[in-house]
Structure formats: C-alpha cells, structure tokens
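Summary of the model geometry
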Amino acid sequence: MSQRVFKLADKQEIADDIFSLKLEASDDLALEFEAGQFVSIEVGDNQRRSYSIASPPQQSDHLELNISTKPGGVGSKYVEALEVGAEVKGLFPLGVFVYKPDASKPAFMFSGGTGLAPFLSMVSYELEVIKSGREVQLYYGAKFRIDVFAADKLEVWAAKYPNFSYKIYVEEPDAEWKGLTGRYSSAVEQWRNLGADFYMCGAQGMIEAFEDILEAKGVDPANIYHEQFY
Ligand SMILES: Cc1cc2nc3c(=O)[nH]c(=O)nc-3n(C[C@H](O)[C@H](O)[C@H](O)COP(=O)(O)OP(=O)(O)OC[C@H]3O[C@@H](n4cnc5c(N)ncnc54)[C@H](O)[C@@H]3O)c2cc1C
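As the structure is a computational prediction, the values presented were derived from the model and not from experiment.

Here we have six strands laid out as an open sheet, ordered β4-β3-β6-β1-β2-β5, and antiparallel in their pairing. Each having just a single partner strand, β4 (47-52) and β5 (62-68) make up the two edges of the open sheet. When the angles between neighbouring strand axes are averaged without regard to direction, this sheet yields 40°. Sheet analysis places strand β3 (residues 38-44) next to strand β6 (residues 87-94), joined by three bridges and oriented antiparallel.

Spelled out as structure tokens, the structure:
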C-alpha cells in the first residue's frame, strides 16, 4: 500500500446520484491490486473515504470507482465537485475482502446499492482471467429502479458465460420496472445447496441479517466473506 496520485480521466453519472470515476495514475507505475480491494481517498483536510475498485485487476492502466453521493457527507460533496482533469490522492491498494478463486465450489455474491462495485471486479476477473468455469451467482439489491447501475455489463457476462448468472431485485419498484421486486433474502431462505463461498458487500444491517440466515442454515463461517460499507 502506498500514497498514490491519480488524475480523474472521466466522470459519468451512471444511475441516480451514482457516479463512475475513472482514475489514471499520474506516474508510470502500474496499478496493481486484487479483485475486491479499495482505495482510501483524501476528500478533505485529514478526511478520507474508502471506495471499492469496480474495474478488474487485469486492467492495470486505470481504476474505476462507482460512488453514491446520496449519503451527502464530505465524501459525497467531494465527488460531486470533482471535475475531469482533477488530481485525486489516495492510499492504494487496501483491504482483505479479495476474491479467492476455487473451482471446486460455487461463489455466491450478495450486494446492496454500490456494494455491487467490488463484485464487478471479482466477476470480471473470474470470467475473463481465471476462466475456471466455476459457477458464479450474483444477487444485487437496489432500493429504486433509478438506482440500478451496471445492469448492461451483467447482462453481457450472463449471455457470454453459462457459468455466470445474476438477479437484480428492486425494493420499491415503479411501473417501469419489469424485474424482480422486494429483497433477495426471501429467495435464499429456500436454498438447499450451501457448499459454496459466500461474499457479501453493503450496509451493516444487510450483512448481519444475511450472515444470520446462512449460519442458521449451517454454512461454515470460514466460507463467508464480507465488506461493510457503513
Ligand atoms: C471498504 C469500504 C469500501 C467502500 N466502497 C464504496 C463504494 O465503492 N461506493 C460507495 O458509494 N461507497 C463506498 N463506501 C462508503 C464510503 O466510504 C462512504 O462511507 C460513503 O460514500 C459516505 O461518505 P460521506 O462522507 O458522503 O458521508 P458520511 O458523512 O461519511 O456519512 C453520512 C451518512 O450516510 C451513511 N452512509 C454511508 N455510506 C452510505 C451508502 N453507501 N449508502 C447510504 N448511506 C450511507 C452513513 O452511515 C452516515 O449516516 C465504502 C466504505 C468502505 C468502508
């Protein structure tokens, strides 16, 4: 881990108040990290916020971050004000919530909101680099339809790789949402096959509730990995 300086090469609003930032290194050093890690960005005087890396490690020329500015704090205000070309300072890479390739068992991934970000990196790494054929199932919950991002990327992977599937649940759907509704925890309650690795990322409440469900079903805690955003 070291202090790095990046340049904001691109910024796009990819869903309601969710921004994709593309960071390039300001030096000639490669951006080496493991799928699932994060960067701790200087968002003010002595103030840092952590953001998971959504791009995969095989793309070592830039980092993509997917950041919600809905929380509205110092990090959100910093991201809202950032303009393309700006200098961004961060500690990189950080974190132990990393993807562990293991073709002997499936990987089930559960995300809420921008908790999808590290899974975009992990799934790309497994499907496009590891290529073990491991079954990967991704569950992604969003509050509203307009919060959903990266659905096109998930659809491309699902069409191309038969071992990958995903389900998006919208908790409070509007008339335009044609997909699954409510929370995915109800689906998991029905599961029988629990010999898998379980990865989860999002808010504390979601992670704790989910761990309780899995452990009550007899899942070995050693096979459960989580990253808590807040
Ligand atoms: C390891 C790690 C990785 C993270 N990766 C990402 C990421 O990829 N994308 C991302 O958007 N955020 C991510 N976060 C959350 C991020 O670091 C900030 O906490 C968040 O952006 C809020 O910062 P803020 O300064 O705007 O608000 P703060 O002033 O820090 O918090 C304001 C309020 O918002 C709540 N809150 C914090 N985060 C969220 C959230 N995501 N949604 C709803 N409410 C929230 C807090 O509990 C608090 O009550 C990550 C956090 C950790 C610890």
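So, about the environment of Phe33. Its place among the elements puts Phe33 in the loop between β2 (18-25) and β3. Note: C-alpha distance between Phe33 and Ser60 (27 residues apart in sequence) is 8.2 Å. The residues touching Phe33, leaving out its near neighbours within four places in the chain, are Ile53, Pro57, Phe92 and Pro93.

A word on the site of the ligand. Near the ligand, the surroundings consist of 23 residues, among which Pro71, Gly73, Gly75, Ser76 and Tyr230 are the closest. Each residue belonging to the shell around the ligand can be placed in one class, and the counts come to nine nonpolar, eleven polar and three charged. Counting the residues that make up the shell around the ligand, at least three belong to each of domain 1 (2-94) and domain 2 (107-228).

Moving on to unusual backbone geometry. A cis geometry characterises the amide bond from Phe92 onward to Pro93, with omega recorded as -10°. Positionally, Pro93 belongs in strand β6. One non-glycine residue with positive phi stands out, namely Asp17, at about 60°. Residue placement: Asp17 occurs in the loop between β1 (2-15) and β2. Judged by the 16 C-beta atoms lying within 10 Å of it, Asp17 falls in the partly exposed class. A positive phi angle is found at Asn46, which is not glycine, with a value near 55°.

Time to look at the environment of Ile146. Structurally, the position occupied by Ile146 is in the loop between β8 (136-142) and α3 (151-160). For Ile146, a count of 15 C-beta atoms within 10 Å corresponds to the partly exposed category. Once the C-alpha coordinates of Ile146 and Ala15 are considered, the two residues, 131 residues apart in sequence, prove to be 6.0 Å apart. Those residues in contact with Ile146 that sit more than four places away from it in its chain are Ala15 and Asp16.

Another aspect to go through is the sheet that holds strand β11 (residues 197-202). Here six strands make up an open sheet; going across it, the order is β10-β9-β8-β7-β11-β12 and the pairing parallel. Where the open sheet ends on each side, the last strands, each with one partner, are β10 (180-181) and β12 (224-228). As paired elements, β8 and strand β9 (residues 164-170) share seven bridges and run parallel to each other. Bridge assignment links Tyr139 to a residue of β9, and that residue is Lys167. Against the sheet, helix α2 (residues 117-130) touches β7 (107-112), β8, β9, β11 and β12, its axis set at about 160° to β8.

Domain assignment breaks the protein into domain 1 (2-94) and domain 2 (107-228). Inter-centroid distance (C-alpha atoms) of domain 1 to domain 2 is 23 Å. Contacts between the two partners involve 16 residues from domain 1, matched on the other side by 15 residues from domain 2. The dominant element in the side of domain 1 that touches domain 2, judged by the number of residues it contributes, is β5, at three residues. Among the residues forming the side of domain 1 that touches domain 2, the class breakdown is nine nonpolar, six polar and one charged.

In this section: the nonpolar core. With 59 residues, the main nonpolar core has Leu65, Met109, Phe119, Val123 and Leu138 as its most contacted residues. Residue contributions to this core peak at seven residues, all from α2. Split by domain, this core shows at least three residues from each of two domains, domain 1 (2-94) and domain 2 (107-228). Beyond its immediate sequence surroundings of up to four residues, Phe119 is in contact with Met109, Ser111, Leu138 and Cys201.

Once that is clear, we can look at the pairing of β7. Extensive coverage of β7 is indicated by the burial of six of its six residues. Covered by surrounding structure in β7 are Ala107, Met109 and Ser111 together with Phe108, Phe110 and Gly112, the residues of both alternating faces. Bridge count between β7 and β8: six bridges; the pairing is parallel. Paired with Met109 across the bridge in β8 is Leu138. Taken together, β7, α2 and β8 form a β-α-β motif whose crossover is right-handed. Two elements, β7 and β11, share five bridges in a ladder whose sense is parallel.

Definitions and cut-offs
Residues numbered from 1 in each chain as written. Predicted model: local features only at pLDDT ≥ 70, side-chain atom pairs only at ≥ 80, totals over all residues. Pairing = 2+ DSSP bridges. Helix = DSSP H or I, 4+ residues; strand = E, 2+ residues; numbered from the N terminus. Axes fitted to C-alpha atoms, helices over the stretch in contact; angles between N-to-C directions. Contact = placed C-beta atoms within 7 Å. Near = placed C-beta within 6 Å. Nonpolar A, V, L, I, M, F, W, Y, C, P; charged D, E, K, R; others polar. Domains from an automatic or database assignment. Buried ≥ 20, exposed ≤ 12 C-beta atoms within 10 Å, placed from the backbone. Core = buried A, V, L, I, M, F, W, Y, C linked by C-beta atoms within 7 Å. Right-handed = clockwise from strand over helix to strand, strands pointing away.

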